[in-house]
There are 2 protein chains.
Amino acid sequence: MTKRRIAALIFDGFEMLDLYGPLELFSMHRDDFDIVTVAADAGPMTASGGPATLAEAGFADGHRYDMVLVPGGRGVRAAQVDQAHLDWLAQVCDQAEVVMSVCTGSALLAAAGVLDGKRATTNKIAFDWVKGLHPAPDWQERARWVVDGKVYTSSGVSAGMDMALDVIKDLIGAQAAKDAAHWAEYIPNPDPENDPFAP
Amino acid sequence: MTKRRIAALIFDGFEMLDLYGPLELFSMHRDDFDIVTVAADAGPMTASGGPATLAEAGFADGHRYDMVLVPGGRGVRAAQVDQAHLDWLAQVCDQAEVVMSVCTGSALLAAAGVLDGKRATTNKIAFDWVKGLHPAPDWQERARWVVDGKVYTSSGVSAGMDMALDVIKDLIGAQAAKDAAHWAEYIPNPDPENDPFAP
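Computed from a prediction, not measured in an experiment: that's the story for all the values here.

A. View of the sheet that holds strand 6 (residues 67–70) of chain A. Residue and element names in this part refer to chain A. The sheet built from seven strands is open, its strands ordered 5-2-1-6-7-11-10 with mixed pairing. Only two strands of the sheet have a single neighbouring strand rather than two, namely strand 5 (57–58) and strand 10 (145–148). Note that strand 10 and strand 11 (residues 151–154) share four bridges and pair antiparallel. Among the inter-strand pairings, Val147 is bridged to a residue of strand 11, identified as Tyr152.

B. Just the interface of chain A and chain B, in detail. Across the boundary between the two partners, chain A contributes 41 residues, which contact 41 residues of chain B. A combined buried area of about 3400 Å² lies between chain A and chain B, and 62% of that area is made up of carbon and sulfur atoms. On the chain A side of the contact with chain B, A:Tyr20, A:Glu185 and A:Phe197 bury the most area, a combined 22% of that side's loss. Applying the counting rule to chain A against chain B returns zero salt bridges. Taken together, the links from chain A to chain B amount to 20 residue pairs in polar contact (both at pLDDT 80 or more). The set of elements that each furnish at least two residues to the side of chain A that touches chain B consists of helix 1 (16–27), strand 2 (33–39), strand 4 (52–55), helix 6 (159–172) and helix 7 (174–183) of chain A. Per element, the largest residue contribution to the side of chain A that touches chain B is seven residues, and it comes from helix 1 of chain A. A breakdown of the residues in the side of chain A that touches chain B according to their chemical character gives 21 nonpolar, twelve polar and eight charged.

C. Spotlight on the environment of A:Gly149. Locating A:Gly149 in the fold gives a position in the loop between strand 10 and strand 11. Remark: the alpha-carbon pair of A:Gly149 and A:Leu25, spanning 124 residues in sequence, is separated by 21 Å.

D. A look at the sheet that holds strand 5 (residues 57–58) of chain B. All names here are of chain B. The mixed open sheet is built from seven strands, whose spatial order is 5-2-1-6-7-11-10. The sheet is open, and its two edges are formed by strand 5 and strand 10 (145–148), each paired on a single side. Docked against the sheet, helix 6 (residues 159–172) engages strand 1 (4–9), strand 2 (33–39), strand 6 (67–70), strand 7 (98–101), strand 10 and strand 11 (151–154), running at close to 155° with respect to strand 11.

E. Here's a closer look at the nonpolar core. Counting 142 residues, the largest nonpolar core has A:Leu89 and B:Leu89 as the members making the most contacts within it. Among all residues touching A:Leu89, those that are not within four sequence positions of it are A:Leu9, A:Val68, A:Val70, A:Asp94, A:Leu108, A:Leu109, A:Ala112 and A:Val114.

What counts and what doesn't
Residues numbered from 1 in each chain as written. Chains lettered and ligands numbered in written order. Predicted model: local features only at pLDDT ≥ 70, side-chain atom pairs only at ≥ 80, totals over all residues. Heavy atoms only, no water. Pairing = 2+ DSSP bridges. Helix = DSSP H or I, 4+ residues; strand = E, 2+ residues; numbered from the N terminus. Contact = heavy atoms within 4.5 Å. Buried area = accessible area lost by both parts, 1.4 Å probe. Salt bridge = Lys/Arg side-chain N within 4 Å of Asp/Glu carboxyl O. Polar contact = N/O pair within 3.5 Å; in protein donor to acceptor, adjacent residues only side chain to side chain. Nonpolar A, V, L, I, M, F, W, Y, C, P; charged D, E, K, R; others polar. Axes fitted to C-alpha atoms, helices over the stretch in contact; angles between N-to-C directions. Core = buried A, V, L, I, M, F, W, Y, C linked by side-chain atoms within 4.5 Å. Buried < 20%, exposed > 50% of the residue type's maximum accessible area, 1.4 Å probe, protein only.

Don't take any of this as a statement about function, it's just geometry.
This is the structure we're talking about:
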């Protein structure tokens, strides 16, 4: 069995549930996934309106990761114009088997060029802002989440959990996804086109 | 407008989403709620299968809190036999306007005597374990969450988000709860008796 290592990017102003919703579900299969929090520098990064999470690794550590998870949040505004973030993302996303973003995390992926020519989505309240700043991706306004090749982008905040279950299904099977949802007592929205928050 | 201060208890082995699901929703109303992470000692506490969160305050700080949030997770096993945890919980829950637990966090509340004679629930997979250890509460097996006076206890992991929305509704109104769910693109289960995970 391949154990995949997930780089969970954090930065000051990340949105709590964007990160922890998917991580909760991946953590249900700890024989299959390892979670590593990564930031520009190892150390505490404060969530938007919440506590600080410790980044275990920094960009300079040069680790390779099988999967990348990029949350959104207020901190995206600064991170998307920070060259260190964009360089790290371009490199780890190129190497990774699976790339994921939640909410406005897709703006970061777009800024790093990871979504060029790809179908993608983002938070519905911030949709026009993200699309205006980053015209290269083929943005989908009605989608709980979008899969284009190895890149999974989800709509706002809790949509990341439905996306994570789809990733678990694709990587280790439908039963594993069902188990993760059951153990978390999560009632999933299994249809990526069922988006009650689209305008 | 009263701004309420929430003590979010953390300990090594807390379950990530038990904590961060509710915190995400409270953080949507930052004019109404302040979040403070609290642990036996201030500093990092490592989630079950996940990264460390920094506790901003320790038990000895002696702060008063308007609300208390107690997550579950593997770490409950140690915390529920630790007198410092039980003493702190008994004191802050007595002073608080609202007490909340998610998942096996209710075992901690029960161990501290906070649930004596009260209706309560817990994670459905761990139900018999919690009930066997703590016979005093009136445990409800079929409930997404239970409200008894000022004490809200939820079923497993993501049920905490539905409970948090109910608390937001009770404290600052139905529209505020609806807004928080909408901003988080969360599809709520608004019926505490709708528990698809009951046996």
